[in-house]
Amino acid sequence: MTPVVIEIGKYISASLEFAGASLEAATANLKSGKFQSQLVGYSSKLFETLRSFTPTEKTFQEIPRYANKIGGSLQMLEKHAATTIARATAYLSNLKKTSG
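What you see is a predicted model; the values in this text were computed from it and never measured. (Residues numbered from 1 in each chain as written. Predicted model: local features only at pLDDT ≥ 70, side-chain atom pairs only at ≥ 80, totals over all residues. Heavy atoms only, no water.)

K.L.:
Let's hear about the overall build of the protein: which residues, and what values?
P.N.:
Each helix and strand in the protein was counted, giving 3 helices and 0 strands. Moving toward the C terminus, one meets the helices and strands of the protein in the order α-α-α. Projected onto the principal axes, the alpha-carbon positions of the protein cover approximately 65 × 45 × 15 Å. Put simply, the protein shows about 9,100 Å² of open surface, and 67% of that area lies on carbon and sulfur atoms. Averaging the positions of the 12 positive and the 7 negative side-chain charges in the protein gives two centres separated by 5 Å. (Helix = DSSP H or I, 4+ residues; strand = E, 2+ residues; numbered from the N terminus. Areas by Shrake-Rupley, 256 points an atom, 1.4 Å probe, with all protein chains shown as cover. Lys, Arg positive; Asp, Glu negative; His and termini not counted. Charge placed at Lys NZ, Arg CZ, Asp CG, Glu CD.)

K.L.:
Describe a nonpolar patch on the surface, with residues and values.
P.N.:
There is a patch of nonpolar side chains on the surface, built from Val4, Ile8 and Ile12 and spanning about 260 Å² of accessible area. Relative to the helices and strands, Ile8 is located in helix 1 (residues 2-32). A relative accessible area of 45% means that Ile8 is categorised as partly exposed. (Patch = residues over 30% accessible without salt bridge, like charges linked within 9 Å, V, L, I, M, F, W, Y side chains within 5 Å. Salt bridge = Lys/Arg side-chain N within 4 Å of Asp/Glu carboxyl O. Buried < 20%, exposed > 50% of the residue type's maximum accessible area, 1.4 Å probe, protein only.)

K.L.:
I'd love a proper account of the environment of Leu23, names of residues and values included.
P.N.:
Note that Leu23 resides in helix 1. Measuring from C-alpha to C-alpha, the distance between Leu23 and Ile63 comes to 40 Å, with 40 residues separating the pair along the chain.

What follows is the structure in structure tokens.
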């Protein structure tokens, strides 16, 4: 068990270093105004795209078809998530039993 804990500790340390560097970069971008200017730029592009979008009757007819596809994908995702959660729960339960 000790080697596993040591390896997990290495991954946690590396994650913290990466997260710290990312947080510092984000803070610097926020202080310099770079973040705000990017946000304004992206927002204006989105606004122009939405403003130029003129829905047609064909667009409205296609919406239910895509909604059905999205619904089917969400159902598959829900099943996959439920299976993954069940496996993770069983694994953690077994791990707790063997370590305790």
